[in-house]
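Residue strings, one per chain:
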Amino acid sequence: MHDLLNSVQSLPPSLIYMVAALVVAAETALIVGLVAPGEATLLLVGFLTYTGTLRLGPALLVMIMAAALGDAVAFRAGRRYGPRLRASRWGVRVGPHRWARADAMLGRMGGRGLLTARWVAFARTLVPRLAGAAGMPYRRFAPWNLAGVVTWVGASVLVGHLAGESYETVSRLLGRATGAVLVLVAALVAVVLAGRWLGRNPDPARALLARAAGLPPLRWLSARYGLLFFLLTLRLGPAWALLANLAAGVVLLFVVGLAIAWTLRVVVRHSGLALVDGAIASWFAARRTPDAVEATQTAVSVLRGSSLIVVVALVAAVQAWRHRPWRADLLSVVGTIGAFVPLVVLAAVADLAAGGRVVLFSTQNAVVTASLCTLAWLLSRGARWPVAVAAWTVAAAGVVAIGGGRLYLGLSTASGTVGAVLLGAAWTAVFMVAWATRDRAVAAGGSAAG
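Definitions and cut-offs
- Residues numbered from 1 in each chain as written.
- Predicted model: local features only at pLDDT ≥ 70, side-chain atom pairs only at ≥ 80, totals over all residues.
- Heavy atoms only, no water.
- Helix = DSSP H or I, 4+ residues; strand = E, 2+ residues; numbered from the N terminus.
- Buried < 20%, exposed > 50% of the residue type's maximum accessible area, 1.4 Å probe, protein only.
- Contact = heavy atoms within 4.5 Å.
- Areas by Shrake-Rupley, 256 points an atom, 1.4 Å probe, with all protein chains shown as cover.
- Expected span 1.5 Å × (residues − 1).
- Phe/Tyr/Trp six-rings, centres within 6.5 Å; stacked < 30°, edge-to-face > 60°.
- Lys NZ or Arg CZ within 6 Å of the ring centre and 35° of its normal.
- Patch = residues over 30% accessible without salt bridge, like charges linked within 9 Å, V, L, I, M, F, W, Y side chains within 5 Å.
- Salt bridge = Lys/Arg side-chain N within 4 Å of Asp/Glu carboxyl O.
- 1 Å grid on protein atoms, 1.4 Å probe; cavity = no way out; pocket = protein on both sides within 12 Å on 5 of 7 lines; lining within 4 Å.
- Points joined across faces, edges and corners; volume = space filled by probe spheres on them.
- Nonpolar A, V, L, I, M, F, W, Y, C, P; charged D, E, K, R; others polar.

Trainee: Any details on the overall build of the protein chain? Residues and values, ideally.
Mentor: Broken down by element type, the protein chain carries 20 helices and zero strands. Of all 450 residues assigned to the protein chain, the portion counted as buried reaches 38%. Expressed as a percentage of contacts within the protein chain between residues at least 6 apart in sequence, the contacts between residues at least 24 apart total 82%. Of the roughly 24600 Å² of accessible surface on the protein chain, a fraction of 70% belongs to carbon and sulfur atoms.

Dropping the structure here:
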């Protein structure tokens, strides 16, 4: 790395400006950003302004002009080749419904979407083309896009300049954080897929057994002893069979929880967030006062995970008594009177995942997050829009307040808090997606029967 920096510093400044500008412009103009995002180039430019090889003012101006020019070219390409792009092989693979959703998003968010997309590696490459293809006027595109370019380029170059001698460390941590974010995105996709599968298979244990029965060894066993198994289930009776099915489902949920927790451990461990734990803890410690500590301890003690699990159980029981919607399968139990069961499983998973010399999860934060999200889900399901917004707003405020309170008291670290909140939110998302998938399936089945 040092040899590369020395080689770059020996080049003429005008050549450095030209090459860096071409890289930044090509990120969007030639779709290079899908393979090589431009942050590293801007960080390097910022570092060269620190060493005196380049001047900060001209560097900022050149990089902003290059990024704006690349976006203008991409916008023009989208305007000219948009319909042809949608009809191409790649556009057909994207699908007409996704194009329609993208058009609706641009129509709804407008300029705010352009400004936000500039901070997302893949989005800033595609969104200018999408805006052009959607027919957005350039007079509307240019101001918002320029605002995103100025803030993104300015922040990246200034970070490289302020890093100074720490450029190598900053770029290494940026790479680690990027990898962790990609793992996190993959984990979120896995959570959604798990929820959709659970929604299509309300009895997951029975569905897995049925699929496993098709494998050669189990198929032979079922053919040879299938009658014996059938007689055994009749001997057990429907109540014990249901209990065994629910027990197997809870064990399966425990395994899924461990998988989610392990993935989030990887994300937290490699994100570089743990490096700032000490600084954040010192900042909170310097602001503690006896009265504030006493009030925070009271709030944290009252809003513990166990207390919130009891509240979830009571709310779920009231709703189940009022509506009586459950059926004899795991998802129906979890979505109604047994909504507290996943929270108990999560507490066991978080305790197990928090073991070791370095605690990457706070069990309390994970259970509190999942409990508040579950409460919001139960209260907002089937409710009017203002009620749903209020429920989720209170839940989000509660998560931030309890997490911040535990940080203030020194009961958890910043990285542990983030990991625990992600675990609790992902755990709730599995069941939200599962229930939504089931609702759609039931509605589709009802309309087909009609």
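We are not done yet, so read on.
Trainee: Talk me through helix H3 (residues 39-51); I want residue IDs and the actual numbers.
Mentor: For H3, spanning 13 residues, the distance from its first C-alpha to its last is 19 Å, which sits close to the expected 18 Å at 1.5 Å a residue. When we look at burial in H3, the residues that qualify are Thr 41, Leu 42, Leu 43, Val 45, Gly 46, Phe 47, Leu 48 and Thr 49. Gly 52 sits one or two positions beyond H3 and adopts a positive phi of about 95 degrees.

Trainee: I'd like to hear about the packing of aromatic side chains, residue by residue, with values.
Mentor: A full pass over the atoms with the stated rule returns eight aromatic pairs. A centroid spacing of 6.4 Å and a plane angle of 80 degrees characterise the contact between Trp 377 and Trp 435, whose relative ring orientation is edge-to-face. Taken together, the residues span a long stretch of sequence, with Trp 377 in helix H18 (residues 363-380) and Trp 435 in helix H20 (residues 414-449) at a distance of 58 residues. By the burial criterion, Trp 377 is buried, and Trp 435 matches it. Connected via pairs of aromatic rings, a cluster forms that spans Phe 75, Tyr 138 and Phe 141. We note Arg 381 situated over the ring of Trp 377; from NZ or CZ to the ring centre the distance is 4.7 Å. A cation sits over an aromatic face here: Arg 381 above Trp 435, 4.7 Å from the ring centre.

Trainee: Hey, could you go over a nonpolar patch on the surface for me, with residue numbers and the actual values?
Mentor: A cluster of nonpolar side chains, namely Leu 11, Leu 15, Met 18, Val 19, Leu 22 and Val 23, defines an oily patch on the protein surface of about 500 Å² accessible area. With respect to the helices, strands and loops of the structure, Leu 15 is situated in helix H2 (residues 13-29).

Trainee: Just give me the short version of empty space enclosed by the protein, but keep the residues and values in it.
Mentor: Summed over the entire model, instances satisfying the criterion amount to two cavities of 30 Å³ or more. When its volume is computed, the largest cavity comes out at roughly 70 Å³. Residue lining of the largest cavity: Val 334, Ala 339, Pro 342, Leu 343, Thr 374, Trp 377, Trp 427, Thr 428 and Phe 431, and that is the complete set. For the lining of the largest cavity, the elements supplying multiple residues, two or more each, are helix H17 (341-353), H18 and H20. It is H20 that provides the largest number of residues to the lining of the largest cavity, a total of three residues. Residue classes in the lining of the largest cavity are distributed as seven nonpolar, two polar and no charged. Estimates place the volume of the second largest cavity at around 40 Å³. Counting residues per element, the ones that place at least two in the lining of the second largest cavity are helix H7 (111-117) and helix H8 (123-133). The element contributing the most residues to the lining of the second largest cavity is H8, with three residues. Taken together, the residues of the lining of the second largest cavity sort by class into four nonpolar, one polar and three charged.

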